[in-house]
Amino acid sequence: DEERVYVAGRVDASSVLFGGNGILAAFDKETGDFVDSVAWGPDPLIDCALGLASDGEDLYTIGFTGSQGAGFQLQVRRYTRDLDLVWESLYGDSGNQSARVGAFGPSGLLIAGGSGPPLGDSDVALWLLEPETGQVLWEHTWGGPQYEFAHGLALFGPRLYITGETASFGAGGDDAFLISGD
């Protein structure tokens, strides 16, 4: 917004890979001074905000939780600019769903991109969420017998671009990919 810069991530972790709580923090845009933050999730389990999107009014943290079910679940949380929680949406079952990128499409729906389990070890996953309620309206996965992860998502008009890494396709090992579609 005009006054603040917002960041999302993880704090109070016991290591780079384990534990920690999700956090959304606000900083003064002019001075860089810390303004406020909100954290969630019970340590030693993990809740992590890997991405952040805005519809121009509210903020949406995008990530995963390991504290509220079996395995990791997609976790999207909607906040006001004053860092008040509006809703939390969890999606997934005993598999491992996580998202790290998000954007709002031309229809006003929130697009979250990350990884999910259906095809291989872990595949690129996209979710469309209704921003007023957090309800998942649509899900799609892409991948092969190894693993794939989405690391970036961009919209240019009606076209969606997803970047990430794949072990199923390419020259072998971890290769970059770019997927595009309408």
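Residues numbered from 1 in each chain as written. Predicted model: local features only at pLDDT ≥ 70, side-chain atom pairs only at ≥ 80, totals over all residues. Heavy atoms only, no water.

(A) Just the pattern of salt bridges, in detail. All chains considered together, the criterion is met by four salt bridges. Here Asp1 and Arg81 are joined by a salt bridge, their closest N and O atoms 4.0 Å apart. Of this pair, Asp1 sits in the segment before strand 1 (4-11) while Arg81 sits in the loop between strand 6 (73-79) and strand 7 (85-91), and the two are 80 residues apart along the sequence. On the basis of relative accessibility, which here comes to 29%, the residue Asp1 falls in the partly exposed class. Between Arg77 and Glu88 there is a salt bridge; the shortest N-O distance is 2.7 Å. Taken as a pair, Arg77 in strand 6 and Glu88 in strand 7 lie far apart in primary sequence, 11 residues in all. Each of Asp58, Arg78 and Glu132 takes part in a single network of salt bridges with overlapping partners. (Salt bridge = Lys/Arg side-chain N within 4 Å of Asp/Glu carboxyl O. Helix = DSSP H or I, 4+ residues; strand = E, 2+ residues; numbered from the N terminus. Buried < 20%, exposed > 50% of the residue type's maximum accessible area, 1.4 Å probe, protein only.)

(B) How the structure looks around the packing of aromatic side chains. This model, assessed by the stated rule, comprises nine aromatic pairs. Residues Tyr60 and Phe104 carry aromatic rings whose centres are separated by 5.1 Å and whose planes lie at 65° to one another, so their mutual orientation is edge-to-face. Remark: Phe104 occurs in strand 8 (residues 98-104) and Tyr60 occurs in strand 5 (residues 59-65); sequence separation between them is 44 residues. We note that Tyr60, like Phe104, is buried. For the ring pair Trp142 and Phe177, a centre distance of 5.2 Å and an interplane angle of 55° mean the geometry is tilted. Linking Trp142 in strand 11 (residues 136-142) with Phe177 in strand 14 (residues 175-181), this pair joins segments that are 35 residues apart in sequence. Of the residues examined, Trp142 reaches a relative accessible area of 31% and is grouped as partly exposed. Through a chain of ring-to-ring contacts, the aromatic side chains of Tyr60, Trp87 and Phe104 assemble into a single cluster. (Phe/Tyr/Trp six-rings, centres within 6.5 Å; stacked < 30°, edge-to-face > 60°.)

(C) View of the sheet that holds strand 4 (residues 47-54). Taken in spatial order, the four strands of this open sheet run 4-5-6-7, and their pairing is antiparallel. Two strands close off the open sheet at either side, each with one partner strand: strand 4 and strand 7. Each strand of the sheet is rotated relative to its neighbour by a mean of 20°, with strand direction disregarded. Where strand 4 lies against strand 5, seven bridges are found, and the strand directions are antiparallel. Residue Ala49 lies in a different strand from strand 5, and its bridge partner there is Gly63. (Pairing = 2+ DSSP bridges. Axes fitted to C-alpha atoms, helices over the stretch in contact; angles between N-to-C directions.)

(D) View of a nonpolar patch on the surface. A cluster of nonpolar side chains, namely Val16, Leu17 and Phe18, defines an oily patch on the protein surface of about 390 Å² accessible area. Residue placement: Leu17 occurs in the loop between strand 1 and strand 2 (21-28). (Patch = residues over 30% accessible without salt bridge, like charges linked within 9 Å, V, L, I, M, F, W, Y side chains within 5 Å. Areas by Shrake-Rupley, 256 points an atom, 1.4 Å probe, with all protein chains shown as cover.)

(E) Molecular detail of unusual backbone geometry. Positioned with a positive phi, Asp12 is a non-glycine residue whose angle comes to about 60°. Here Asp12 lies in the loop between strand 1 and strand 2. Its identity is not glycine, yet Leu83 carries a phi of approximately 70°, on the positive side. Relative to the helices and strands, Leu83 is located in the loop between strand 6 and strand 7. For Leu83, a relative accessible area of 7% translates into the label buried.

(F) Structural detail: the nonpolar core. Counting 14 residues, the largest nonpolar core has Ile62, Val76, Ala99, Leu110, Ala112, Trp127 and Leu129 as its most contacted members. At the level of secondary structure, the elements contributing two or more residues to this core comprise strand 5, strand 6, strand 8, strand 9 (110-116) and strand 10 (123-129). Among the elements that take part in this core, strand 10 stands out by supplying three residues, more than any other. Ranked by size, the runner-up nonpolar core spans 10 residues in total, among them Val124, Leu126, Ala150 and Phe177. (Core = buried A, V, L, I, M, F, W, Y, C linked by side-chain atoms within 4.5 Å.)

(G) Here's a closer look at the confidence of the model for the protein chain. When pLDDT is averaged along the protein chain, the result is 87; 93% of the residues meet or exceed 70. Per-element averaging of pLDDT across the protein chain places strand 10 at the bottom with 86 and strand 3 (residues 34-40) at the top with 96. (pLDDT = per-residue confidence, 0-100.)

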